[in-house]
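Chain and residue survey
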Amino acid sequence: MYITVLCVYITKYQKLINYNLFGSMVTLTQLNFSFLNICDAKTQICEIQPCLNGGSCLSIDNIRRKCKCAAGFTGRNYECQSSPCLNKGICKDTINGYNCDCPQEFTGSRCESPKNQCANQPCTNASGCYDDFVTGQPVCICKPGFTAAHYSCNLIDSCTKYRPCKNGGSCHNVEGGYHCSCLKGYSGSHCQHNTDECSNPCQNSAKCTDGLNSYQCSCLPGYKGKNCDEDINECQTGPCDPVGVSSCDNTVGSYRCSCKPGYSGSTCAENIDECSSNPCYHGGTCFDLINDFRCKCTDGWKGKRCETLVQYCTDVQNPCENNAKCVSLFNDYFCRCPTETSGYYGDGCHLQIDYSCSKNWCFNGGTCNNKDFGDRYSCTCPQGYTGVRCETNIDDCTGVTCPGGGICIDSIDSYLCRCPVGKFGSDCKEDVDNDFNRNWENQPRRMWRKESLPLKQ
């Protein structure tokens, strides 16, 4: 017996599909997969001998057939007799042929091909689609987070199912899961974390304390504001001493007082003691003033620091008379009178000298001579002296060179040469004999010898 074989087509989506084979229902898994090659078998479509009156049947691709009538006969074959339409298709005979009215889910000349239902009913939010040949409907393969419903994939309502969002966060279903929109002050995938608002909002080394959707900065002295970023103008509180301050300068977190001369300290309240450095010299007493000092000097000194010796010859009226020269001394003065022959003497050169020869003015035996006008004198000096009053011994060694390296010794109107030790004679060339026994032998009455002995200068 010959059968008509239904070719089996398997898509990429494996599913247990029922097939009508030998008039019974079997599944794909009940068949040996080598049995799928039965589509290559040749169905004997002319086996039922559809052609009458000796007509011969011709098979066309084993799908259609044609009758070749014997001589004397004509007519057409009833093509639907062999049930060529598959998959419950309805066969309609035509002249020398047939047409198949196919069910909705099949197509082809014999209803042999299943329709691509996925092309007509595309799945939304799906990663793929396959045709279910049993139901004739498309089946959606949904993405993660979606579930199949009719011909589409709907989001899984994870928010209602799990309620994952904490601390008042709003839940939103998204592809593949859910998303939480957190209230201010919270963070994390489930709004489970209190957000740390203390991520360096406080400035100028202020301490930050975290709160719920807030923070608080504890400012250091000199700063204010929510973030301690506003500098307080400390000069507005008047921190500087009003007497000693010149100006107040506001600084970052503090202030600076610029003091007047003579004042110091952070607020310019301290009067600088200018006497602390002992500015007065020579025993002077210091008195502190504002940015200054005053020295009370001891006798004989003057100046800002008592550093200058008092010049009595210039600082007071010249005490010297008669054109005398005034010489300042320490806390005193001295009058240098003109030469003695000028006729004046005394502390102030105010006394007149009697220069008559009634008083012997000449030294060293000089002779006094009165001059014609009577108030002056002259001295006639003896040999070996000179000067106005014969007060100077003339140096007779001037221009003298002693022989033998001898030393010239001045005397009154004369000089002598002292020979070096061990020499004697007029030219200091003779050696002294140091044998004293020989020198004094046989001379009991002679107590001196002509020897050159050293003389004290």
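The text that follows walks through the structure, step by step, so that each part is easy to find.

Rules used in this analysis
Residues numbered from 1 in each chain as written. Predicted model: local features only at pLDDT ≥ 70, side-chain atom pairs only at ≥ 80, totals over all residues. Heavy atoms only, no water. Helix = DSSP H or I, 4+ residues; strand = E, 2+ residues; numbered from the N terminus. Buried < 20%, exposed > 50% of the residue type's maximum accessible area, 1.4 Å probe, protein only. Contact = heavy atoms within 4.5 Å. Areas by Shrake-Rupley, 256 points an atom, 1.4 Å probe, with all protein chains shown as cover. Disulfide = S-S within 2.5 Å. Phe/Tyr/Trp six-rings, centres within 6.5 Å; stacked < 30°, edge-to-face > 60°. Lys NZ or Arg CZ within 6 Å of the ring centre and 35° of its normal. Core = buried A, V, L, I, M, F, W, Y, C linked by side-chain atoms within 4.5 Å. Pairing = 2+ DSSP bridges.

**Overview of the overall build of the protein**
Across its full length, the protein holds four helices and 40 strands. Within the protein, the fraction of its 457 residues that count as buried is 26%. Here the contacts in the protein between residues at least 6 apart in sequence split such that 20% fall between residues at least 24 apart. Summing over all exposed atoms, the protein offers an accessible surface of approximately 30,500 Å²; the carbon and sulfur share of this is 50%.

**Some details on the state of the cysteines**
Within this structure, the stated rule accounts for 25 disulfides. Each sulfur of the disulfide joining Cys-165 and Cys-180 lies 1.9 Å from the other. One disulfide, between Cys-165 and Cys-180, carries an S-S torsion of -90° and so falls in the left-handed class. On the criterion of sequence distance, the pair formed by Cys-165 in the loop between helix H2 (158-162) and strand S13 (170-174) and Cys-180 in strand S14 (residues 177-181) is long-range, its members being 15 residues apart. Considered together, Cys-165 and Cys-180 belong to a single accessibility category, that of buried residues.

**Observations concerning the packing of aromatic side chains**
The full count for this structure, using the stated rule, is zero aromatic pairs. In this structure, Lys-226 is placed above the aromatic ring of Tyr-215, and the distance from its NZ or CZ to the ring centre is 4.3 Å. In this arrangement the basic side chain of Lys-304 is found over the ring face of Phe-293, its NZ or CZ atom lying 4.5 Å from the centre.

**Describing unusual backbone geometry**
Residue Arg-163 is not a glycine yet carries a positive backbone phi of 45°. Mapped onto the elements, Arg-163 comes out in the loop between H2 and S13.

**Examining the side chain of Glu-197**
Note that Glu-197 resides in the loop between strand S16 (193-194) and strand S17 (207-211). In contact with Glu-197, other than residues within four places in its own chain, are Gly-185, Asp-210, Gly-211, Asn-213, Ser-214 and Tyr-215.

**A word on the nonpolar core**
Where a protein is soluble and globular, its nonpolar side chains tend to be buried together. Counting nine residues, the largest nonpolar core is built from Ile-353, Tyr-355, Trp-361, Cys-362, Cys-368, Tyr-377, Cys-379, Tyr-385 and Cys-390. For Cys-390, the contacting residues outside a window of four places in its chain are Phe-363, Asn-364, Gly-366, Cys-379, Thr-380, Cys-381, Pro-382 and Tyr-385.

**Concerning the pairing of S17**
Of the pairings in the sheet, the one linking S17 to strand S18 (residues 214-218) comprises five bridges and is antiparallel in character. When the sheet's bridge partners are listed, Lys-207 is paired in S18 with Ser-218.

**Focus on the pairing of strand S6 (residues 97-101)**
On a regular strand, each side chain points to the face opposite its neighbour's, so the side chains alternate between the two faces of the sheet. Sheet topology places strand S5 (residues 90-94) next to S6; five bridges connect them, and they run antiparallel. Along S6, the bridge assignment pairs Thr-94 with Gly-97. Between S5 and S6, which follow one another and run antiparallel, lie two residues, and Asn-96 among them has a positive phi close to 55°.

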